[in-house]
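Residue-level structure breakdown
The lines below spell out each chain.
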Amino acid sequence: MDRLANEGMRFTNAYSNMLCAPARASLLTGFSDVRKPGFSYTKGKIYQKISTNDLSVEQVTKALDATFPPIPKEQVFLAQVAQQAGYKTAQFGKLDWGFATTPNRLKRHGWDYHLGYMDHVRAHGFYPPFLFENGKLKPIKGNNLVNGGKSLEPETEQAFQERWNRQGKEVYSQDIFIYGVLNFIRNANNKEQKQPFFIYFPTQLPHGPVAIPAVHPDFVNDRRLTQIEKEYASMVKRLDDDVGLILDELKTQGLDNNTLVIFTSDNGHELYYAQQGRAEKPYRDLTTGKLFDNYQHKYYSELANDVFNGNGGRAGLKKSNLQGGVNVPLLARWPGKITAGAVSNRLVASYDMLPTIAELVKYPEKLAVDGLSYYQTLLGNDLGKELGNELGQELVKEDKTAHDYIVYGSFEGPILVTNDGWKIRSYLPKKAFELFYLPDDKAEKNDLSVLRPNKLKQLKKLLIDACDGDSNNGFVSWQQFSLDPQF
């Protein structure tokens, strides 16, 4: 990952959704998650019924297809943009949409090849008894646990013993996926084909519960870490190593200078290595013993005793609309096109990915989406102008093609972040709105709503307008993820 940053561009002001399912939906569609009626998702765990012989593959997929609302004919998805430009499209790993999907939906989304899960809950286990390849069930010999080896959490002696019981856990899913990605690159680049390709790899790593075949040698004797923390660190290290394998394969195939690689996250940090007296779940301030509520008492790594400092001085975690839940890494590398070591402060949303790829492949149709392309920013084209902000800080560069603001929903309510650093954050359970100036306050400790009432009023109107007139459209609940197929 450091290599991606050192040899490419690092974005410091990138955002995604507070949770994985809407993040993937925004990425695929180019839309924010605050619009009415919003994205549609079915329940997860449905495909486990195949392992228990309660239902056949055909019964599950038929019921799911009948449950989803019809996709408008005019809607264009991320893979379709590349596919229609002549790229062979492939997806590996977690499913591309929500908590369950089907072969028909994968085809409609534009994937020529697929190898992975079609159920999000099953993707919490790293030893799947089966995956899917191009719509067909692919048994994984040696993996025979219905739950795919999903581990217990938080950490206890029972959880440790269960995690390291290797019975029924012979094949680690990440092995399947990384070899699949590397083979796809090789095959697409063979002498007969030489076909351009677009790969989407939503990896399980380092999602929990923690599962790794072995602790990495870097951490075996690290006295700063508990056993479960060593295992989690090994998951992150494995992801980092596999990024390197992909970059090395591109170079081996002579594709290094002709391939754009983008690395980002679907949401902010999460704790999968909690244990009593360390970092705990439910999330607790270990200095006071109080539970975090992310309103009057916001989560910070140092208060939670998180040894990894996962939110880097910001407030909140995954599922929160605080910066720790939605401000994410974004790295892009393309030798000869992107300046090595470049840093961009451009305001970027996850829903910008589709229009960015569309501009890259010269997609001919006009896109009616919320996202804006940052392709020219990647190339280093000077599209900006110098200006000062209203608090009198030194001059900054504003990209005239960038968002004036971006918006996201969450379990706490919607947020809006402006390109000059203002953020309005709602906490709808208390009908509250907070105002922050992020360049001076990335930790969101200083609510300026009383001191700057006009700014609050201005941004609140923008936020509600972006939510199609109702802030509750950005108030996510678990009911939105629970369309129930009828079998």
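In case you missed it, the structure is sitting above this.
1. Some points on the overall build of the protein chain
Regarding its fold elements, the protein chain presents 14 helices and 16 strands. Against the compact-globule benchmark of 23 Å for 487 residues, the protein chain has a radius of gyration of 22 Å, which places it among compact chains. Dimensions of the protein chain along its principal axes, counting C-alpha atoms only, are 65 × 55 × 50 Å. In the protein chain, the share of contacts with a sequence separation of at least 24, taken over all contacts with a separation of at least 6, comes to 66%. Summed over all atoms, the accessible surface of the protein chain reaches about 21,800 Å², with 50% contributed by carbon and sulfur. In the protein chain, the 59 positive side-chain charges and the 57 negative ones have mean positions that sit 3 Å from each other.

2. Points about empty space enclosed by the protein
According to the stated counting rule, one finds 2 cavities of 30 Å³ or more in the structure shown. Taken as a whole, the largest cavity holds about 70 Å³ of empty space. Around the largest cavity sit Met18, Pro22, Asp33, Gly38, Phe39, Tyr41, Val476, Gln480 and Phe481, which together line it. When grouped by side-chain class, the residues that make up the lining of the largest cavity number 6 nonpolar, 2 polar and 1 charged.

3. With respect to the sheet that holds strand S3 (residues 113–116)
Across the sheet, which stays open at both edges, the 5 strands sit in the order S5-S4-S3-S2-S6 with mixed pairing between neighbours. The strands lining the two open edges of the sheet, one partner per strand, are strand S5 (136–139) and strand S6 (197–200). Looking at each pair of strands side by side, their axes are set apart by 20° on average, direction ignored. With 4 bridges connecting them, strand S4 (residues 130–133) and S5 associate as antiparallel partners. Across the sheet, Glu133 pairs through a bridge with Lys136, a residue of S5.

4. As for helix H4 (residues 57–67)
Where H4 is concerned, the buried positions are Val57, Val60, Thr61, Ala63, Leu64 and Thr67. Angular distribution of buried residues about the axis of H4 spans 165°; they occupy a single face of the element. Away from the buried face of H4 by more than 90 degrees, exposed residues Glu58, Lys62 and Ala66 are located. Looking at the buried residues of H4, the elements they touch are helix H3 (48–51), helix H6 (103–109), S4 and S5.

5. What about helix H12 (residues 353–360)?
Of all the 8 residues making up H12, 7 are buried; the element is thus mostly covered by neighbouring parts of the structure. Turning to H12, its buried residues number three or more, namely Met353, Leu354, Pro355, Thr356, Ile357, Ala358 and Leu360. Looking at the buried residues of H12, the elements they touch are helix H2 (20–29), helix H5 (78–83), S6, strand S7 (261–264), strand S10 (348–349) and helix H13 (375–379). Lys362 sits one or two residues past H12 and shows a positive phi near 60°.

6. Here we look at the pattern of salt bridges
In total, this model carries 24 salt bridges according to the counting rule given. Ionic pairing is found between Glu231 and Arg163, a salt bridge with its closest N-O pair at 2.5 Å. Of the two residues, Glu231 sits in helix H9 (residues 227–252) while Arg163 sits in helix H7 (residues 157–163), which places them 68 residues apart along the sequence. Its relative accessible area of 0% is what places Glu231 among the buried residues. The shortest N-O distance in the salt bridge between Arg425 and Glu412 comes to 3.0 Å. With Arg425 in strand S15 (residues 422–427) and Glu412 in the loop between strand S13 (405–408) and strand S14 (415–418), this residue pair connects regions lying 13 residues apart in the sequence. In this pair, the class of Arg425 matches that of Glu412, namely buried. Connected through shared salt-bridge partners, Arg3, Glu7, Asp248, Asp256 and Arg333 make up one network.

Criteria and cut-off values
Residues numbered from 1 in each chain as written. Predicted model: local features only at pLDDT ≥ 70, side-chain atom pairs only at ≥ 80, totals over all residues. Heavy atoms only, no water. Helix = DSSP H or I, 4+ residues; strand = E, 2+ residues; numbered from the N terminus. Rg over C-alpha atoms; globule rule 2.2 N^0.38 Å. Contact = heavy atoms within 4.5 Å. Areas by Shrake-Rupley, 256 points an atom, 1.4 Å probe, with all protein chains shown as cover. Lys, Arg positive; Asp, Glu negative; His and termini not counted. Charge placed at Lys NZ, Arg CZ, Asp CG, Glu CD. 1 Å grid on protein atoms, 1.4 Å probe; cavity = no way out; pocket = protein on both sides within 12 Å on 5 of 7 lines; lining within 4 Å. Points joined across faces, edges and corners; volume = space filled by probe spheres on them. Nonpolar A, V, L, I, M, F, W, Y, C, P; charged D, E, K, R; others polar. Pairing = 2+ DSSP bridges. Axes fitted to C-alpha atoms, helices over the stretch in contact; angles between N-to-C directions. Buried < 20%, exposed > 50% of the residue type's maximum accessible area, 1.4 Å probe, protein only. Arc of directions from axis to C-beta. Salt bridge = Lys/Arg side-chain N within 4 Å of Asp/Glu carboxyl O.

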